[in-house]
Amino acid sequence: MPDPCTSAAPTPLSSYANCASYEIHYMDWQPAGEPVATVIAWHGLARTGRDMDALAQFLAGQGYRVICPDTLGRGLSQWSRAPQEEYNLRFYARLARELMDALGLEQVHWVGTSMGGAIGTVCASGLFEPALRQRILTLTLNDNAPELADAALARIRAYAGQPPVFATVAELEAFFRTAYKPYGWLSEAEWRKLTETSTRRTDDGRVTPHYDPAMIQQFTAHDNDYLIWEHYDALALPVLLLRGVDSDLVLRPVAERMQQRGPGAQGLLTWLEIEGCGHAPALNVPAHFDAVLGHLRQ
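Criteria and thresholds
Residues numbered from 1 in each chain as written. Predicted model: local features only at pLDDT ≥ 70, side-chain atom pairs only at ≥ 80, totals over all residues. Heavy atoms only, no water. Helix = DSSP H or I, 4+ residues; strand = E, 2+ residues; numbered from the N terminus. Rg over C-alpha atoms; globule rule 2.2 N^0.38 Å. Buried < 20%, exposed > 50% of the residue type's maximum accessible area, 1.4 Å probe, protein only. Contact = heavy atoms within 4.5 Å. Areas by Shrake-Rupley, 256 points an atom, 1.4 Å probe, with all protein chains shown as cover. Lys, Arg positive; Asp, Glu negative; His and termini not counted. Charge placed at Lys NZ, Arg CZ, Asp CG, Glu CD. Polar contact = N/O pair within 3.5 Å; in protein donor to acceptor, adjacent residues only side chain to side chain. Salt bridge = Lys/Arg side-chain N within 4 Å of Asp/Glu carboxyl O. 1 Å grid on protein atoms, 1.4 Å probe; cavity = no way out; pocket = protein on both sides within 12 Å on 5 of 7 lines; lining within 4 Å. Points joined across faces, edges and corners; volume = space filled by probe spheres on them. Nonpolar A, V, L, I, M, F, W, Y, C, P; charged D, E, K, R; others polar. Phe/Tyr/Trp six-rings, centres within 6.5 Å; stacked < 30°, edge-to-face > 60°. Axes fitted to C-alpha atoms, helices over the stretch in contact; angles between N-to-C directions. Parallel < 35°, antiparallel > 145°, perpendicular 65-115°, else oblique. Left-handed = near helix turned anticlockwise from the far one by under 90°.

Visitor: I tried to follow the overall build of the protein chain on my own but got confused; where do I start?
Guide: The helix and strand tally for the protein chain stands at 12 helices and 10 strands. For 298 residues, the compact-globule estimate of 2.2 N^0.38 gives 19 Å, and the C-alpha radius of gyration of the protein chain, at 18 Å, lies within 12% of that figure. Along the longest, intermediate and shortest principal axes, the C-alpha atoms of the protein chain span 55 × 45 × 40 Å. Per-residue burial for the protein chain yields a buried fraction of 58% across its 298 residues. Within the protein chain, residue pairs in contact and separated by at least 24 positions form 77% of the contacts whose partners lie at least 6 positions apart. Carbon and sulfur atoms make up 50% of the accessible area of the protein chain, which totals about 12000 Å². For the protein chain, the distance from the average position of its 24 positive side-chain charges to the average position of its 34 negative side-chain charges is 1 Å.

As structure tokens, then:
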């Protein structure tokens, strides 16, 4: 399979914005001409915006501007000064609104993996940030739903709250290859890039994943922060659910309930099962690209 990271495409700008008194990093992928629209592509819980490089590169080639933020406490964004109060969906929605305002984005499409999908859902509902209600045109949920499996959440809490530390980058890459095997196919170059874009040195020179371990307080200080049926039911926009066939986070009965409620009941939900993936599809191969692009163009 060809490596999408090696194809010719625009080079992104690494940029920063002040949002809620924090420096938030984002990659800004610009098309060759005037953008047909702007997409915000938001990463998962313990990841960074660089996970969206392959999709953003493809969409930029299709004429879209793509903004890929690092969430507070991840990647090159600042860490929270008040973890218990700020590592939660409500505050992330505020960050999203302020980022859109800082960039002058009146309307956007939203693609979110896992946590990024939940942030998109609460933004689009307008229940936390009323000013965003009409500003999100379409929503793509990459293995995310308004209710997540308890067993999978327990697994995520177990590894995310105590990030491993290794002597070498090679050892950390081996860890990532095991932890993120459910992403599906990644080329050798993509595994190395995933590692190098989500690695930081500790004070003693070892390496660990590039996020604030205190972000796990979203689970310990905010019970059921990801139980967001109220927000899902308030949606009135086209929604695409990409569910990894082997996902342990988004269970099929929950996806079936999504078909009966909110945008599903309005005929606005498209549900696609993604073969060869669990939680969550890497959004890095043509089948993934085509699904997202088709949703943006409807």
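So that's the structure; there's more coming.
Visitor: What should I look at first to understand the side chain of Asp28 in this one?
Guide: By the element assignment, Asp28 lies in strand E2 (residues 22–29). A polar atom in the side chain of Asp28 sits 2.7 Å from the side chain of Arg65. Setting aside chain neighbours within four positions, we find Asp28 in contact with Pro12, Leu13, Arg65, Val66 and Ile67.

Visitor: Just to check I follow, could you spell out helix H4 (residues 115–125) for this structure?
Guide: Think of an α-helix as 3.6 residues a turn; residues three or four steps apart then line up on the same face. Across the 11 residues that make up H4, a large majority, 11, are buried. Regarding H4, the residues found buried are Met115, Gly116, Gly117, Ala118, Ile119, Gly120, Thr121, Val122, Cys123, Ala124 and Ser125. Tucked inside the fold, the buried residues of H4 contact strand E3 (37–42), helix H3 (89–102), strand E5 (108–113), strand E6 (136–142), helix H8 (217–220) and helix H9 (229–233).

Visitor: Please clarify how the pattern of salt bridges should be interpreted in this entry.
Guide: Any two side chains of opposite charge can pair if their charged atoms end up close together. Enumeration over the complete set of coordinates arrives at 18 salt bridges. For Glu273, the salt bridge identified is with Arg252, shortest N-O distance 3.3 Å. Note that Glu273 is positioned in strand E10 (residues 269–274) and Arg252 in helix H10 (residues 252–260), a separation of 21 residues in sequence. Each of the salt bridges in this network shares a partner with another, and the network as a whole consists of Arg94, Arg97, Glu98, Asp101, Glu129 and Arg135.

Visitor: Where do I start with empty space enclosed by the protein in this structure?
Guide: With a probe scaled to a water molecule rolled over the atoms, the places where space remains empty come into view. Scanning the model with the defined rule gives 2 cavities of 30 Å³ or more in all. The volume enclosed by the largest cavity comes to roughly 70 Å³. Lining the largest cavity are Leu45, Ser114, Met115, Asn144, Leu148, Leu153, Ile156, Phe219, Tyr226 and Leu249. Classifying every residue of the lining of the largest cavity by side-chain character gives 8 nonpolar, 2 polar and no charged. Taken as a whole, the second largest cavity holds about 30 Å³ of empty space. What lines the second largest cavity is Ala46, Tyr159, Pro164, Phe175, Tyr180, Pro209 and Tyr211.

Visitor: Is there a simple way to explain the packing of aromatic side chains in this structure?
Guide: For any pair of aromatic rings, the description rests on two quantities: the centre-to-centre distance and the angle between the ring planes. For the coordinates displayed, the defined rule picks out 9 aromatic pairs. A centroid spacing of 5.7 Å and a plane angle of 20° characterise the contact between Phe176 and Tyr180, whose relative ring orientation is stacked. With a centroid separation of 4.8 Å and 25° between ring planes, the pair formed by Tyr180 and Tyr183 is classed as stacked. Judged by its relative accessible area of 6%, Tyr180 falls in the buried class. Site record: aromatic cluster; members linked through ring pairs are Phe166, Phe175, Phe176, Tyr180 and Tyr183.

Visitor: Would you mind going over the layout of surface pockets with me for this structure?
Guide: A volume near 530 Å³ is recorded for the largest pocket. Taken together, 33 residues make up the lining of the largest pocket; nearest its centre are Arg47, Asp51, Tyr180, Tyr183 and Leu194. Broken down by secondary-structure element, the contributors of at least two residues to the lining of the largest pocket are helix H1 (53–61), helix H5 (150–160) and helix H7 (188–196). Looking at the second largest pocket, its volume works out to about 240 Å³. Considering the residues around the second largest pocket, the lining is formed by 13 residues, among which Asp150, Leu153, Asn224, Asp225 and Tyr226 are closest to the centre. Of all elements in the fold, only H5 and H8 reach the threshold of two or more residues within the lining of the second largest pocket. Sorting elements by how many residues they give to the lining of the second largest pocket places H5 first, with 3 residues.

Visitor: What is the right way to read the packing of helix H6 (residues 169–179) against H7 from this model?
Guide: In a packed pair of helices, the relevant descriptors are the angle between the two axes and the axis-to-axis distance. Two elements in contact, H6 and H7, have axes whose closest approach is 9 Å; the angle formed by their N-to-C orientations is 110°. In terms of axis orientation, H6 runs roughly perpendicular to H7. In this structure, H6 crosses over H7, and the sense of that crossing is right-handed. Residues Val169, Glu173, Phe176 and Arg177 of H6 form the contact with H7, whose participating residues are Glu188, Trp191, Arg192, Leu194 and Thr195. Taken together, the residues that form the contact of H6 with H7 break down as 4 nonpolar, 1 polar and 4 charged.

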